[in-house]
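# Structural overview for review
If you want the building blocks of each chain, they are given just below.
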Amino acid sequence: MKQLLRGGTVVSGEGQRVQDILIEDGKILEVGENLQDSGRDAEVTDVSKKLIFPGFIDGHTHMHLEVSGTVTADLFDTGTRAELAGGTTCIVDFATQNRGESLAEALENWHKKADGECSCDYAFHLAISDWNERISEELETVVSSGIHSFKLYMVYDAMMVDDQSMYEILSRLKELGGIAGVHCENSGIVKARLEEIKRKEGGRRDVGDYPGTRPALAEAEAVNRLLKIARCVDTPVIVVHLSSQEGYEEVQKAREKGQKVYVETCPQYLLLDEGRYQAGGLEARKYMIAPPLRTKKDQEVLWQALAGEQIQTVATDHCSFTLEQKEMGKDDFSMTPCGMPGAQERPALIYHYGVRGGRITLEQMCRCLSENPAKLYGLYPKKGVIAPGSDADLVVWDTKAKWTLQSKELQSASDYCPYEGASLSGRAEKVYLRGELAAENGEIIKAFLGQYVRGVHTNDRGFLLK
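Worth saying up front: this structure is predicted, and the values here are computed from it rather than measured.

### Quick notes on the packing of aromatic side chains
Per the counting criterion, the structure on display carries 10 aromatic pairs. Considering the side-chain rings of Y210 and Y277, the 5.6 Å spacing of their centres and the 75° angle between planes classify their relative orientation as edge-to-face. Taken as a pair, Y210 in helix α6 (residues 210–213) and Y277 in the loop between α9 (267–271) and α10 (281–285) lie far apart in primary sequence, 67 residues in all. We note that Y210, like Y277, is buried. Taken together, the ring pairs in this structure connect F53, F56, Y351 and W397 into an aromatic cluster.

Here it is, written out as structure tokens:
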């Protein structure tokens, strides 16, 4: 049966128009004004005075990740319920290759975790940690199967790649039309700072010391090194979860020389600052993420970059743990699992503090949460746009809704919310996944509708850069 969403204000990266949306078999059939004739046999839903966004895409999630001697609180079932409840209709999770595994094994492991467990659609990046000639040859098969984006780490012994491997991987991805997102921190500086704290303090119990072990300069150095390597290869790269002014300045220097560099940041780097670590104990460990929270000045720089179209996407880096898991670091903060929840909160935070706060426009919100990640990761135009032929992933947004963030009312398996008590205006009233009403006002209506999405080859992502 056809469905007709009537009278909503359809938001795109180019503007806003009051239009009707006709849906059939999970796809958008038609978008236009006064579609009474086309929708004569359709079920009609009045969405007048509401905004309609293309379903949001979260391009940076860690569901069911084994890390730091534990497993994230959110597996794919609860994690994707949280995403869907907030208006996100597709995630791109990191399928991680353990050392010694083939890329096919890594992808098979992640499909076993995700298939049949997801309430929103899902795609994968592939995180490469082991590099050799066999893996290089296997990449061609992986790319032809629909994986076009990859993750590389410059930190963490179990996953980091050295500079030679970085160069070789980027070169191979250039040949195949893939792209890498890179976690940029200088591993040597982090390790040295951790040892310094232990020597000076006789231990690492004070979480207030944590941000100093991963300084902004450690991020900036790694960003600089990545971009120099990418320049040697002559290929674009993505700097993920950018947190600092220093790191951003390195990106701008490279762009001034003509490099294509895409940037992602996260709500936590826009809204929270390192003062959270001064609370001490478990309260401070809630906010232990990598890179750590920075200063208010860093926040301002990132907001300005987002408003100036210099940051292309805002993702969550959703990597959730419970308070009990965070207590693993009570005697040594370096043993704390790093990561925070944020899947459900992201769209409302960006709307409230970004759009209503006058920092970005509705069109920019649409670009950084929907259109740009779809284009960057090979999901466009199936996802990320309200247009005939696209998936009917739609978010009916109530601009007048007023509500308070409380962990007990969120879908994540994590038992805390980093933004607990924040009073917000605006939220996802209805969330359609391929034409099915799947969530409403934060509650799941239909679970486990998620399907795996294969990416398509993207020849030129340069249109994302201003």
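Back to the text.
### Digging into the layout of surface pockets
By volume, the largest pocket is sized at about 1,000 Å³. Elements with a contribution of two residues or more to the lining of the largest pocket: β7 (66–67), α2 (103–114), β11 (149–153), α5 (187–201) and α6. Its residues assigned to classes, the lining of the largest pocket comprises 20 nonpolar, 15 polar and eight charged.

### A look at the sheet that holds strand β12 (residues 179–183)
Across the sheet, which stays open at both edges, the eight strands sit in the order β6-β9-β10-β11-β12-β13-β14-β15 with parallel pairing between neighbours. Bordering the open sheet on either side are β6 (56–61) and β15 (313–314), each of which pairs with just one other strand. In this sheet, β12 lies alongside β11 in parallel orientation, the contact comprising five bridges. Note on β12: the bridge partner recorded for L152 is V182. Lying over the sheet, helix α8 (residues 245–256) contacts β13 (237–239) and β14 (261–265), oriented at roughly 160° with respect to β14.

### Some thoughts on the environment of D234
Within the element layout of this structure, D234 appears in the loop between α7 (216–233) and β13. C-alpha separation for the pair D234 and Q259, spaced 25 residues apart in sequence, amounts to 7.9 Å.

### Some details on the environment of R255
Within the secondary structure, R255 is located in helix α8. With 28 residues separating them along the chain, R255 and L227 place their C-alpha atoms 9.7 Å apart.

Reading guide: rules and limits
Residues numbered from 1 in each chain as written. Predicted model: local features only at pLDDT ≥ 70, side-chain atom pairs only at ≥ 80, totals over all residues. Heavy atoms only, no water. Phe/Tyr/Trp six-rings, centres within 6.5 Å; stacked < 30°, edge-to-face > 60°. Helix = DSSP H or I, 4+ residues; strand = E, 2+ residues; numbered from the N terminus. Buried < 20%, exposed > 50% of the residue type's maximum accessible area, 1.4 Å probe, protein only. 1 Å grid on protein atoms, 1.4 Å probe; cavity = no way out; pocket = protein on both sides within 12 Å on 5 of 7 lines; lining within 4 Å. Points joined across faces, edges and corners; volume = space filled by probe spheres on them. Nonpolar A, V, L, I, M, F, W, Y, C, P; charged D, E, K, R; others polar. Pairing = 2+ DSSP bridges. Contact = heavy atoms within 4.5 Å. Axes fitted to C-alpha atoms, helices over the stretch in contact; angles between N-to-C directions.

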